[in-house]
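# Working through the structure, step by step
Here are the chains, one letter per residue:
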Amino acid sequence: MAKTALAVVLALGFSVQTVAAQQVEIIRDTEIERLLKSYEDPILVTANIDPVTVKMYIVSDPEINAAAMQSPLASETEDILVNTGTFLQLSSPNQIIGILAHETGHIAGGHLIRDADAMQKASIPMLIGMAVGIIAMAKGAGEGGMGAIMLGQQAAESEFLSFSRAQEATADQMGQKYLLKLHLSGRGMLSVFEKFANDEAMSAYYNTPFVSDHPADRERIALLTREVDASPYKDVPDSPESIHKFHMVQAKLAGYLARPDAVMQRYPMSDQSEEAHYARAMAYFRQPDLKKALEETNILIKMEPKNPYFYEILGQIYVNTAQPAKGVAPYQKAVDLLPDAPLIRIDLAAAELAIDKSPLVNQALANLKIALQQENNNGFGWYEMAQAYSLLGNEPMANLSTAELNYNGGNMREAGRFATMAAHGLPKGSADWQRANDIMAVIGPQQPGRR
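Our subject in this report is the structure included herewith. (Residues numbered from 1 in each chain as written. Predicted model: local features only at pLDDT ≥ 70, side-chain atom pairs only at ≥ 80, totals over all residues. Heavy atoms only, no water.)

The computed volume of the second largest pocket comes to approximately 550 Å³. Considering the residues around the second largest pocket, the lining is formed by 24 residues, among which Leu35, Ser38, Glu241, Ser242 and Lys245 are closest to the centre. Among the elements that make up the lining of the second largest pocket, the one with the highest residue count is helix H12 (residues 240-257) (six residues). Residue composition of the lining of the second largest pocket, by class: eleven nonpolar, seven polar and six charged. (1 Å grid on protein atoms, 1.4 Å probe; cavity = no way out; pocket = protein on both sides within 12 Å on 5 of 7 lines; lining within 4 Å. Points joined across faces, edges and corners; volume = space filled by probe spheres on them. Helix = DSSP H or I, 4+ residues; strand = E, 2+ residues; numbered from the N terminus. Nonpolar A, V, L, I, M, F, W, Y, C, P; charged D, E, K, R; others polar.)

Right under this line is the structure:
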């Protein structure tokens, strides 16, 4: 399914072409990322792939699409990117699981590695999380959680990779094998490809990202149908819990991305379901209508008092309406409920720093250290870390944090400059001094003024 070659993150789409000055939005959200990982990790294990090496990303794009690509990050081998439209247009978890099984087939089949020409074009060090800090600086502290990351010209000039029909059929078969081993139905994958086979047949000019990158001729569909029908698990349904989580993510994305009037039409006030309250809370938050957003969010908390994502939204509402002092407590509650969620912990730290009181600055610094151990390439976290050290008067560590921010953002010249300043002020031989020198050593000749 990948319309995205090995560089840009805009899903599956058009024919192979160079895309210049293309803006691509990546949405970071702990709840959605974890749902995707819950779908994908068992598939990866079944395919003998270490889940730690594969990162899931959410692309803000209304088309149904997903992409497997070689990661530009040293800590990851491959990335899988899923369009928001995949959640909003499909109707069941099994369909998304089927798409992910197909993408895993591409990874396990070596289709990404074999395309050496595409790999040579993957020259985008600012891809994905690496650009988040620079953008977060411009957006402000309150939008770290579910803010979109914009990839500009430097990161977006690339060619898309179109997999051959043979590779697509192979990925189908491997994906079905994984689903069989997991005792899951293959009907979700089949239904998605049947839809696009029908669309493709309707018009020779039909050109959606999914269709272009995943040609679904009738022979391929026939083979896939035989494989699905042969499975003893073909009629295994999604669990009620799985369906509920899927609907909650659908509602969250709809509330965040759709026009408020469209949200209210899809989730009218007469709908008192949990997902409807979630969608309306997000929509009111975006308007912004503080009173109604708080009403809907507090209803959610009463319905599910141990859901960390509801407290996260409550904290975000307060911070984004310039009330960080009220945002700290709900963010702290979210962190207490989900301590291994770096995005939420960074937002808590940002709220603490926005209050600008010394005890809270130290708390923020402690939270940032934990978060950056969990997600070291989070540029927004490094930006907030620099702010914390600056507020505490520790300029060498502020400079080192700024060096990390620029290093992860691909701005090597600035990374070298701040690493040099940090090294001059840090105790020689200390771990932080060594890290500053490591950055300078990696940058090498690009570093200005190096002695």
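Right, let's get into the side chain of Glu352. With respect to the helices and strands, the residue Glu352 is situated in helix H18 (residues 342-355). Salt bridges are absent for the buried Glu352, whose nearest opposite-charge side chain, Arg345, sits at 8.2 Å. Polar contacts involving the side chain of Glu352 include one to the main-chain amide nitrogen of Ala364, which spans 3.2 Å. (Buried < 20%, exposed > 50% of the residue type's maximum accessible area, 1.4 Å probe, protein only. Lys, Arg positive; Asp, Glu negative; His and termini not counted. Salt bridge = Lys/Arg side-chain N within 4 Å of Asp/Glu carboxyl O. Polar contact = N/O pair within 3.5 Å; in protein donor to acceptor, adjacent residues only side chain to side chain.)

In this section: the packing of aromatic side chains. Enumeration over the complete set of coordinates arrives at two aromatic pairs. Between Tyr278 and Phe310, the aromatic rings sit 5.2 Å apart at their centres with planes inclined by 80°, giving edge-to-face as the arrangement. A residue pair is termed long-range when its members are at least 10 positions apart, and Tyr278 in helix H14 (residues 274-286) and Phe310 in helix H16 (residues 308-320) qualify at 32 residues. The buried category is assigned to Phe310, whose relative accessible area is 0%. Directly above the aromatic system of Phe418 lies the positively charged group of Arg417, at a separation of 4.6 Å from the ring centroid. The aromatic ring of Tyr407 is capped on one face by Arg435, whose charged end is 5.6 Å from the ring centroid. (Phe/Tyr/Trp six-rings, centres within 6.5 Å; stacked < 30°, edge-to-face > 60°. Lys NZ or Arg CZ within 6 Å of the ring centre and 35° of its normal.)

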